[in-house]
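The lines below spell out each chain.
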Amino acid sequence: MSLQTLFRKVLDGYFLADAEIRYILALPDDRLNELLACAHAIRVARFGTKIGLCAIINAKSGTCSENCSFCAQSGHHGAESPEYPLLPAQDIAQAAAKAQAKGVTRFGIVASGKLVGGRDLAGFTEAVRDVAALGMMPDLSPGILEPAQLKALKKAGLKGYHHNLETSASFFPQMCTTHDYAEDVAAVRAGVEAGLHVCSGGIFGIGESWDDRVELALHLQSLGVQSVPINFLHPIKGTPLEGRSPLSPEEALKLVALYRFLLPDRALRICGGRLTVFGQARKAELLKAGTSGIMVGDYLTIKGGDVASDLEEIGRAGLQPETA
Ligand code: SF4
């Protein structure tokens, strides 16, 4: 077995067997650059040199009923986090227009909470219509949506439904005990069945093992999600994970490259924690690790980076922002 053989196998459209995945996991650190080069080549073969840019707005913040261990917005942890109900549609559309002026094409409306009530559904519907009217692709991350709600939002112009599985089924009970993993899986399935562009991924560096990471990737593959956001833990004061160290840049790069091998034809978007792990100095390295998109601007409760500097890095990496 060799890395080049596995690289060819993925390029030829085959999935890797378990022993082949183990081979990648066991690669020594001094072969990381070789792994990254293969992952980047798979990405170029599947997606060309375009890179997707998305931005989000924290449209409804805090007091969440769930207890996800990494999250500042959980009502269980007492972490400092902004708290407000769903913003008016016009505020959301204004933020979308600002992102659009910086070259962003997908705009995610993100709300804390598990389930969506009637008043919020009406607000989301209006906001989705307004963002779509700008010529942007509106995405929504509202918690778990019922099939009828998905249908109504799709009719209003919704393009993407975002609902992370966060981690593997095996590790999930150590991350959240207020709901079952199966509910999240059902929500993702409902989004796929509704014909939406489903964006579902995870957060890494929360104590999960490499086996958990592989398990999550293979599960997302089988669910048919089109886009996989990769978030890295940014330890937040007041959450149960406040004392954890962020992943090292090398471990994060290996993870992205592994996901490119396991999910060769899915968009891999690097979202939260990008600057926490890579800082300004090393953030360009991610662009050559198999990534096909990045989230720019601010995150949910954390300040993000400067979009202009991300665009410069993208140009230096020989990539171009997707325009539609
Ligand atoms: S990750 Fe989502 S569901 Fe979990 S506590 Fe945070 S807002 Fe709630």
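Structure: above.
Residues numbered from 1 in each chain as written. Predicted model: local features only at pLDDT ≥ 70, side-chain atom pairs only at ≥ 80, totals over all residues. Heavy atoms only, no water.

Considering the nonpolar core
Argument step 1. Core analysis: the largest hydrophobic core is formed by 96 residues, its most contacted members being Ile92, Phe107, Ile109, Ile230, Phe232, Tyr259 and Phe261.
Argument step 2. Take this core: its biggest share by element is nine residues, from helix H10 (residues 249-262).
Argument step 3. Sequence-distant contacts of Ile92, that is, excluding residues within four places in its chain, are made with Ile57, Ala59, Leu86, Leu87, Phe107, Ile109, Ala127 and Val131. (Core = buried A, V, L, I, M, F, W, Y, C linked by side-chain atoms within 4.5 Å. Buried < 20%, exposed > 50% of the residue type's maximum accessible area, 1.4 Å probe, protein only. Helix = DSSP H or I, 4+ residues; strand = E, 2+ residues; numbered from the N terminus. Contact = heavy atoms within 4.5 Å.)

Observations concerning helix H4 (residues 89-101)
Argument step 1. Here H4 is 13 residues long and its end C-alpha atoms lie 18 Å apart, about the 18 Å a rise of 1.5 Å per residue gives.
Argument step 2. Among the residues making up H4, those that are buried are Ala89, Ile92, Ala93, Ala96 and Ala99. One side of H4 holds all its buried residues, which, seen down the axis, span an arc of 115°. H4 presents Gln90, Gln94, Lys98 and Ala101 as exposed residues on the side facing more than 90 degrees away from its buried surface.
Argument step 3. On its buried face, H4 sits against strand E1 (50-60), strand E2 (106-111) and helix H5 (118-133).
Argument step 4. Where H4 ends, the next residue or the one after it, Gly103, has phi of about 100°, a positive value. (Expected span 1.5 Å × (residues − 1). Arc of directions from axis to C-beta.)

What about the pattern of salt bridges?
It is possible for side chains of opposite charge to pair when their charged atoms get near one another.
Argument step 1. Under the definition given, this model contains 15 salt bridges.
Argument step 2. For Lys114, the salt bridge goes to Glu183, with nearest N and O atoms at 2.9 Å. Pair noted here: Lys114 is in the loop between E2 and H5 and Glu183 is in helix H8 (residues 181-193), with a separation of 69 residues, a long-range link.
Argument step 3. On the basis of relative accessibility, which here comes to 29%, the residue Glu183 falls in the partly exposed class.
Argument step 4. Each of Asp18, Arg22 and Asp211 takes part in a single network of salt bridges with overlapping partners. (Salt bridge = Lys/Arg side-chain N within 4 Å of Asp/Glu carboxyl O.)

Topic: helix H3 (residues 32-47)
Argument step 1. Its 16 residues give H3 an end-to-end C-alpha distance of 22 Å, which sits within 8% of 22 Å, the value for a rise of 1.5 Å per residue.
Argument step 2. Among all positions of H3, only Leu32, Leu35, Leu36, Cys38, Ala39, His40, Ile42 and Arg43 are buried.
Argument step 3. In this structure, the buried side of H3 is in contact with helix H1 (3-11), helix H2 (18-25), E1 and H10.
Argument step 4. Two residues or fewer past H3, Gly48 is found with a positive phi of approximately 65°.

Notes on empty space enclosed by the protein
Argument step 1. Going through the model one piece at a time under the given rule, you end up with one cavity of 30 Å³ or more.
Argument step 2. Its boundaries defined by the atoms lining it, the largest cavity holds a volume of some 40 Å³.
Argument step 3. Together, Arg274, Lys283, Leu286, Leu287, Ile294, Asp310, Glu313 and Ile314 line the largest cavity.
Argument step 4. Ranked by residues supplied to the lining of the largest cavity, first place goes to helix H12 (residues 307-316) with three residues.
Argument step 5. When the residues that make up the lining of the largest cavity are grouped by side-chain class, the tally is four nonpolar, no polar and four charged. (1 Å grid on protein atoms, 1.4 Å probe; cavity = no way out; pocket = protein on both sides within 12 Å on 5 of 7 lines; lining within 4 Å. Points joined across faces, edges and corners; volume = space filled by probe spheres on them. Nonpolar A, V, L, I, M, F, W, Y, C, P; charged D, E, K, R; others polar.)

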